[in-house]
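Examining the three-dimensional arrangement
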Amino acid sequence: MQGRLSAWLVKHGLVHRSLGFDYQGIETLQIKPEDWHSVAVILYVYGYNYLRSQCAYDVAPGGLLASVYHLTRIEYGVDQPEEVWKSANFQERESYDMLGIFYDNHPRWIGWPLRKDYIAPNFYEIQDAY
């Protein structure tokens, strides 16, 4: 079943997969990583100008990793940010640190503790804070 947003994306030739609606009637879409930036900009222009949250999860050991963005519309005037959803920076950083999902312009961490295939080291190195 296709919702209004999915129909609008199809009309404008943007590749995605509709996953239906959640229990509150909110449409869920699946977008390939290589198409995400283009679709994100279009969604922002379409009016999804507020990122409620971003999270990530490990679907299966050694398998698919998913990054989820909860977007909503704020009808009153909002200044356009320099980047789409600037607030995603911290949330994406946490998704990378914990699961290893790569996002452009984020620092790297060794290992991803929340992945199902993560093996905890026998010791933890104390890092110098200075």
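Values in this document were obtained by computation on a predicted structure and should not be read as measured data. (Residues numbered from 1 in each chain as written. Predicted model: local features only at pLDDT ≥ 70, side-chain atom pairs only at ≥ 80, totals over all residues. Heavy atoms only, no water.)

This part covers the packing of aromatic side chains. Using the criterion set out here, one finds 3 aromatic pairs in the structure. Ring centres of W8 and Y46 lie 4.2 Å apart, and the angle between their planes is 35°; on these two criteria the pair is classed as tilted. In this pair, W8 is assigned in helix 1 (residues 4-11) and Y46 in helix 2 (residues 33-46), connecting sequence segments 38 residues apart. Using a relative accessible area of 21% as the deciding quantity, one classes W8 as partly exposed. (Phe/Tyr/Trp six-rings, centres within 6.5 Å; stacked < 30°, edge-to-face > 60°. Helix = DSSP H or I, 4+ residues; strand = E, 2+ residues; numbered from the N terminus. Buried < 20%, exposed > 50% of the residue type's maximum accessible area, 1.4 Å probe, protein only.)

It is worth spelling out helix 1 at this point. Residue pairs spaced three or four apart in an α-helix point in one direction, given the helix's 3.6 residues per turn. Along helix 1, the residues classified as buried are L5, S6 and L9. The buried residues of helix 1 occupy an angular sector of 100° when projected down its axis, which confines them to one face. What points out from helix 1, more than 90 degrees from its buried face, is the exposed set R4 and K11. Tucked into the core, helix 1 has its buried residues touching strand 1 (17-21), strand 2 (27-30) and helix 2. Immediately downstream of helix 1, the backbone of G13 shows phi near 70°, a positive value. (Arc of directions from axis to C-beta. Contact = heavy atoms within 4.5 Å.)

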